[in-house]
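Residue-level structural notes
What follows is the residue order along each chain.
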Amino acid sequence: MKLCRFPKKSKEQLYKIFTDKENKKQAKKFALTLFGERIVFAPHCMRNTVVCTAEEKDGWYICKECGGCKIKDISELVKKYEYKNLYILKGGRTIVKIIDEQKPKAIVGIACFYEGDQAFKILDDSAIAVQFAPLTKDGCSDTDVDLTEVENILKQQ
(Lines give C-alpha, C1' and ligand atoms only; values in the text may rest on other atoms or scores of the structure.)
Protein backbone atom coordinates (compact mmCIF):
# COMPACT_ATOMS: atom_id res chain seq x y z
CA MET A 1 0.00 0.00 0.00
CA LYS A 2 1.35 3.43 -1.01
CA LEU A 3 1.03 6.32 1.36
CA CYS A 4 0.09 9.68 0.00
CA ARG A 5 2.90 12.18 0.50
CA PHE A 6 2.37 15.88 0.61
CA PRO A 7 4.94 17.91 -1.25
CA LYS A 8 7.39 19.60 1.09
CA LYS A 9 6.89 23.35 1.34
CA SER A 10 9.78 25.79 1.04
CA LYS A 11 10.54 28.26 3.82
CA GLU A 12 9.23 31.04 1.58
CA GLN A 13 5.90 29.18 1.17
CA LEU A 14 5.67 28.65 4.93
CA TYR A 15 6.35 32.36 5.58
CA LYS A 16 3.63 33.26 3.07
CA ILE A 17 1.10 30.91 4.67
CA PHE A 18 1.89 32.30 8.14
CA THR A 19 1.73 35.98 7.09
CA ASP A 20 -1.51 35.46 5.15
CA LYS A 21 -3.04 33.80 8.21
CA GLU A 22 -1.87 36.62 10.50
CA ASN A 23 -3.19 39.31 8.12
CA LYS A 24 -6.62 37.65 8.21
CA LYS A 25 -6.50 37.18 11.98
CA GLN A 26 -5.66 40.83 12.64
CA ALA A 27 -7.68 42.48 9.86
CA LYS A 28 -10.73 43.40 11.95
CA LYS A 29 -8.68 44.89 14.80
CA PHE A 30 -6.57 46.79 12.27
CA ALA A 31 -9.64 48.16 10.49
CA LEU A 32 -11.06 49.46 13.78
CA THR A 33 -7.91 51.53 14.43
CA LEU A 34 -8.06 55.19 13.41
CA PHE A 35 -5.75 56.16 10.53
CA GLY A 36 -3.97 58.71 12.75
CA GLU A 37 -2.97 55.93 15.14
CA ARG A 38 -1.25 53.89 12.42
CA ILE A 39 2.30 53.97 11.09
CA VAL A 40 3.93 52.38 8.04
CA PHE A 41 7.29 50.63 7.89
CA ALA A 42 8.92 50.31 4.47
CA PRO A 43 12.31 48.72 3.78
CA HIS A 44 15.25 50.85 2.66
CA CYS A 45 15.95 48.26 -0.05
CA MET A 46 13.06 49.80 -2.05
CA ARG A 47 15.03 53.03 -2.46
CA ASN A 48 16.69 53.81 -5.76
CA THR A 49 20.03 54.74 -4.25
CA VAL A 50 21.25 56.32 -7.51
CA VAL A 51 18.72 59.17 -7.31
CA CYS A 52 17.41 58.96 -3.73
CA THR A 53 17.52 62.19 -1.74
CA ALA A 54 16.11 60.71 1.48
CA GLU A 55 17.50 62.16 4.68
CA GLU A 56 19.10 59.68 7.05
CA LYS A 57 17.93 59.91 10.66
CA ASP A 58 18.91 57.45 13.39
CA GLY A 59 17.96 54.01 12.01
CA TRP A 60 15.67 55.18 9.24
CA TYR A 61 15.31 57.51 6.27
CA ILE A 62 12.89 60.36 5.71
CA CYS A 63 11.53 60.34 2.15
CA LYS A 64 12.04 63.61 0.26
CA GLU A 65 9.67 62.43 -2.49
CA CYS A 66 12.24 62.66 -5.26
CA GLY A 67 10.22 60.20 -7.37
CA GLY A 68 13.07 57.75 -7.84
CA CYS A 69 11.10 54.83 -6.37
CA LYS A 70 7.66 53.75 -5.15
CA ILE A 71 8.34 55.04 -1.65
CA LYS A 72 7.24 58.46 -2.94
CA ASP A 73 3.88 56.93 -3.89
CA ILE A 74 3.61 55.22 -0.51
CA SER A 75 4.45 58.52 1.19
CA GLU A 76 1.63 60.21 -0.73
CA LEU A 77 -0.80 57.46 0.33
CA VAL A 78 0.29 57.82 3.96
CA LYS A 79 -0.54 61.54 3.72
CA LYS A 80 -3.80 60.90 1.83
CA TYR A 81 -5.09 58.61 4.57
CA GLU A 82 -3.61 60.82 7.32
CA TYR A 83 -1.46 58.14 8.88
CA LYS A 84 0.80 59.08 11.77
CA ASN A 85 4.03 58.50 9.85
CA LEU A 86 6.09 56.51 7.34
CA TYR A 87 9.45 55.07 8.32
CA ILE A 88 11.92 53.78 5.76
CA LEU A 89 13.87 51.33 7.86
CA LYS A 90 17.56 50.56 7.64
CA GLY A 91 17.24 47.58 9.99
CA GLY A 92 14.85 45.66 12.18
CA ARG A 93 16.18 46.87 15.54
CA THR A 94 14.87 50.33 14.81
CA ILE A 95 11.29 49.02 14.85
CA VAL A 96 11.27 48.60 18.64
CA LYS A 97 12.66 52.10 19.17
CA ILE A 98 10.05 53.69 16.90
CA ILE A 99 7.20 51.71 18.48
CA ASP A 100 8.35 52.77 21.96
CA GLU A 101 8.49 56.43 20.91
CA GLN A 102 5.40 56.63 18.66
CA LYS A 103 3.13 54.13 20.46
CA PRO A 104 1.08 53.23 17.37
CA LYS A 105 -2.07 51.18 17.72
CA ALA A 106 -1.54 49.66 14.25
CA ILE A 107 1.32 49.08 11.84
CA VAL A 108 1.50 48.38 8.12
CA GLY A 109 4.70 46.55 7.31
CA ILE A 110 6.09 46.29 3.80
CA ALA A 111 8.80 43.65 3.56
CA CYS A 112 9.87 40.28 2.25
CA PHE A 113 7.96 37.30 3.62
CA TYR A 114 10.76 36.42 6.06
CA GLU A 115 10.75 39.90 7.63
CA GLY A 116 6.95 39.92 7.73
CA ASP A 117 7.00 36.58 9.52
CA GLN A 118 9.51 37.91 12.05
CA ALA A 119 7.54 41.12 12.67
CA PHE A 120 4.33 39.21 13.39
CA LYS A 121 6.20 37.02 15.86
CA ILE A 122 7.90 39.97 17.58
CA LEU A 123 4.60 41.84 17.96
CA ASP A 124 2.55 38.75 18.86
CA ASP A 125 2.20 39.67 22.54
CA SER A 126 1.53 43.34 21.90
CA ALA A 127 -1.79 45.12 21.51
CA ILE A 128 -0.67 46.52 18.15
CA ALA A 129 -2.64 45.40 15.09
CA VAL A 130 -0.40 44.53 12.15
CA GLN A 131 -1.02 44.18 8.44
CA PHE A 132 1.65 43.02 6.04
CA ALA A 133 2.21 43.89 2.38
CA PRO A 134 4.77 41.54 0.81
CA LEU A 135 7.40 42.69 -1.62
CA THR A 136 6.73 41.48 -5.15
CA LYS A 137 10.47 41.49 -5.83
CA ASP A 138 12.74 40.96 -2.90
CA GLY A 139 16.46 40.84 -2.29
CA CYS A 140 18.64 43.40 -0.63
CA SER A 141 18.30 46.16 -3.23
CA ASP A 142 15.94 47.39 -5.93
CA THR A 143 12.95 45.63 -4.34
CA ASP A 144 9.37 46.30 -5.36
CA VAL A 145 5.82 46.18 -4.00
CA ASP A 146 2.33 46.22 -5.49
CA LEU A 147 1.01 49.75 -4.77
CA THR A 148 -2.59 48.63 -5.20
CA GLU A 149 -2.12 46.05 -2.47
CA VAL A 150 -0.46 48.63 -0.22
CA GLU A 151 -3.32 51.09 -0.73
CA ASN A 152 -5.93 48.36 -0.11
CA ILE A 153 -4.30 47.69 3.25
CA LEU A 154 -3.85 51.36 4.13
CA LYS A 155 -7.50 52.25 3.50
CA GLN A 156 -8.96 49.42 5.57
CA GLN A 157 -11.56 50.68 8.03
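Residues numbered from 1 in each chain as written. Predicted model: local features only at pLDDT ≥ 70, side-chain atom pairs only at ≥ 80, totals over all residues. Heavy atoms only, no water.

From N to C terminus, the chain includes five helices and seven strands. Taken from N to C terminus, the helices and strands of the chain fall in the order α-β-β-β-α-β-α-β-α-β-β-α. On the principal axes, the C-alpha backbone points of the chain span a range of 65 × 35 × 30 Å. Within the chain, the fraction of its 157 residues that count as buried is 40%. Summed over its atoms, the accessible surface of the chain is roughly 9,600 Å², and 53% of this surface lies on carbon and sulfur atoms. Across the chain, the 28 positively charged side chains and the 23 negatively charged ones have centroids separated by 5 Å. (Helix = DSSP H or I, 4+ residues; strand = E, 2+ residues; numbered from the N terminus. Buried < 20%, exposed > 50% of the residue type's maximum accessible area, 1.4 Å probe, protein only. Areas by Shrake-Rupley, 256 points an atom, 1.4 Å probe, with all protein chains shown as cover. Lys, Arg positive; Asp, Glu negative; His and termini not counted. Charge placed at Lys NZ, Arg CZ, Asp CG, Glu CD.)

Our focus in this paragraph is the pairing of strand E1 (residues 38-43). Counting buried positions over the six residues of E1 gives six, a clear majority of the element. Going residue by residue along E1, you find Arg38, Val40 and Ala42 tucked away on one face and Ile39, Phe41 and Pro43 tucked away on the opposite face as well. Judged from the four bridges that link them, E1 and strand E5 (residues 106-111) form a sheet pairing that is parallel. Across the sheet, the residue bridging to Val40 is Val108, located in E5. (Pairing = 2+ DSSP bridges.)

The next point concerns the sheet that holds strand E2 (residues 55-57). An order of E2-E3-E4-E1-E5-E6-E7 is seen for the seven strands of this open sheet, with the pairing classed as mixed. Two strands close off the open sheet at either side, each with one partner strand: E2 and strand E7 (144-145). In this structure, strand E3 (residues 60-62) lies alongside strand E4 (residues 85-89), joined through two bridges in antiparallel fashion. Its bridge partner lying in E4, Tyr61 is registered against Ile88. Contacts from helix H2 (residues 71-80) reach E1, E4, E5 and E7 within the one sheet, and its direction differs from that of E4 by about 155°. The strands touched by helix H3 (residues 93-102) are E1, E3, E4 and E5; relative to E4, the strand with the most contacts, the crossing angle is about 160°. (Contact = heavy atoms within 4.5 Å. Axes fitted to C-alpha atoms, helices over the stretch in contact; angles between N-to-C directions.)

Right, let's get into the nonpolar core. Within the largest apolar cluster, 27 residues are counted, with the highest numbers of intra-cluster contacts made by Val40, Ile74, Tyr83, Ile110 and Leu154. The element best represented in this core is H2, accounting for four residues. Residues contacting Leu154, with those up to four places away along its chain left out, are Phe35, Arg38, Val40, Leu77, Tyr81, Tyr83 and Val108. The next biggest cluster of nonpolar side chains, apart from the first, holds 16 residues, and it includes Tyr15, Phe41, Ala111 and Leu123. (Core = buried A, V, L, I, M, F, W, Y, C linked by side-chain atoms within 4.5 Å.)

As a further point, take the packing of H2 against helix H5 (residues 147-154). Contact geometry for H2 and H5: axes closest at 11 Å, N-to-C directions at 20°. With respect to H5, the element H2 is oriented roughly parallel. Crossing angle aside, the handedness with which H2 passes H5 is right-handed. Of H5, the residues touching H2 (which contributes Asp73, Ile74, Leu77 and Lys80) are Leu147, Val150, Glu151 and Leu154. Tallied by class, residues from the contact of H2 with H5 come to five nonpolar, no polar and three charged. (Parallel < 35°, antiparallel > 145°, perpendicular 65-115°, else oblique. Left-handed = near helix turned anticlockwise from the far one by under 90°. Nonpolar A, V, L, I, M, F, W, Y, C, P; charged D, E, K, R; others polar.)

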